[in-house]
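A structural walkthrough
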Amino acid sequence: MRIEFLKMQGLGNDFLVFDAAAAGTRLESSKLRALADRRTGVGFDQALMLEPPRDADTRVFYRIFNADGSEVEQCGNGARCIAALLYARAPELGRDLVMGSPGGTVRAMVLDEGKVSVDMGVPDFDPRALPMDAAESAVYSLNVDGADIEFGAVSIGNPHAVLRVADVKTAPLERIGPSIGNHPRFPKRTNVGFMQIVDRGHIRLRVFERGVGETLACGTGACAAAAVGRRHGLLDEGVQVDLPGGTAMVSWPARTGHVWLTGPAATVFTGSIEI
């Protein structure tokens, strides 16, 4: 079976985007892993499968698959790319649109100069939302390789643990990221962010994504880091997030309100491939 696809990216976080009608409602994990291979496949961090809307108020329902074939709940940069695609396909329907996803409903606004803002919902600090085996706290601790690691945790439609580090360049992401991300206290695994606070409106961030490894950017990870930093009283409501792939802006005006993610989204190329 041959599928038509777009390769899209937001801040270097790259995606294979395709319509479910061409591929059916599911793909085997082995096929997704083959497509994700950057030497013998298309190569991507996540695959985004577009399905017909499940609600009359939405334009599309999208599903997210990691490079290892596992399905996940949400993807901020992926949502921005899908919004940009929907607007390019039907600009007459306007720049403000609503999409459905396993992580909930997402509102998006397509801006000028190739940028898209998405409403990522209300950050949920209840450990049951991740899920995480713990009583709710602002700070948690895990013993990793004999050392106690402190972090904050939040769900942005998907799970995140956020560590504060002195310098993201030297942060032990390759060693600690998998250990925390696959820890038994996270039954569904978790993404792990390494956050360096530059000042109250500026952070640097690297993210170890479950099922992928380190990516050039993680939209929900940027929102999670800003939310955890704001909860700890370290950040203001608007935060510039510098990621290896570029800069995103996160806005969380009210701590009980919605968090917005803004950044670029672009189509890299289109193609077709046999699966």
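Everything discussed here concerns the structure shown above.
This next bit is on the pairing of strand β1 (residues 2-10). As paired elements, β1 and strand β18 (residues 266-274) share eight bridges and run antiparallel to each other. Bridge pairing in β18 links phenylalanine 5 to glycine 271. Note that β1 and strand β2 (residues 13-19) share five bridges and pair antiparallel. Bridging from a neighbouring strand, lysine 7 pairs with leucine 16 of β2.

Here the structure, examined in full by the defined rule, presents 18 salt bridges. One salt bridge in this structure joins arginine 95 and aspartate 112, with 3.5 Å as the shortest N-O distance. Of this pair, arginine 95 sits in the loop between α3 (76-89) and β6 (96-99) while aspartate 112 sits in the loop between β7 (106-110) and β8 (115-119), placing them 17 residues apart in sequence. Put simply, arginine 107 and aspartate 96 hold a salt bridge, and the shortest N to O gap is 2.7 Å. Remark: aspartate 96 occurs in strand β6 and arginine 107 occurs in strand β7; sequence separation between them is eleven residues. Residue classification places arginine 107 among the partly exposed positions, given a relative accessible area of 35%. A cluster of three or more residues bridged by salt bridges with shared partners is formed by Lys7, Asp14, Arg38 and Asp45.

Conventions and cut-offs
Residues numbered from 1 in each chain as written. Predicted model: local features only at pLDDT ≥ 70, side-chain atom pairs only at ≥ 80, totals over all residues. Heavy atoms only, no water. Pairing = 2+ DSSP bridges. Helix = DSSP H or I, 4+ residues; strand = E, 2+ residues; numbered from the N terminus. Salt bridge = Lys/Arg side-chain N within 4 Å of Asp/Glu carboxyl O. Buried < 20%, exposed > 50% of the residue type's maximum accessible area, 1.4 Å probe, protein only.

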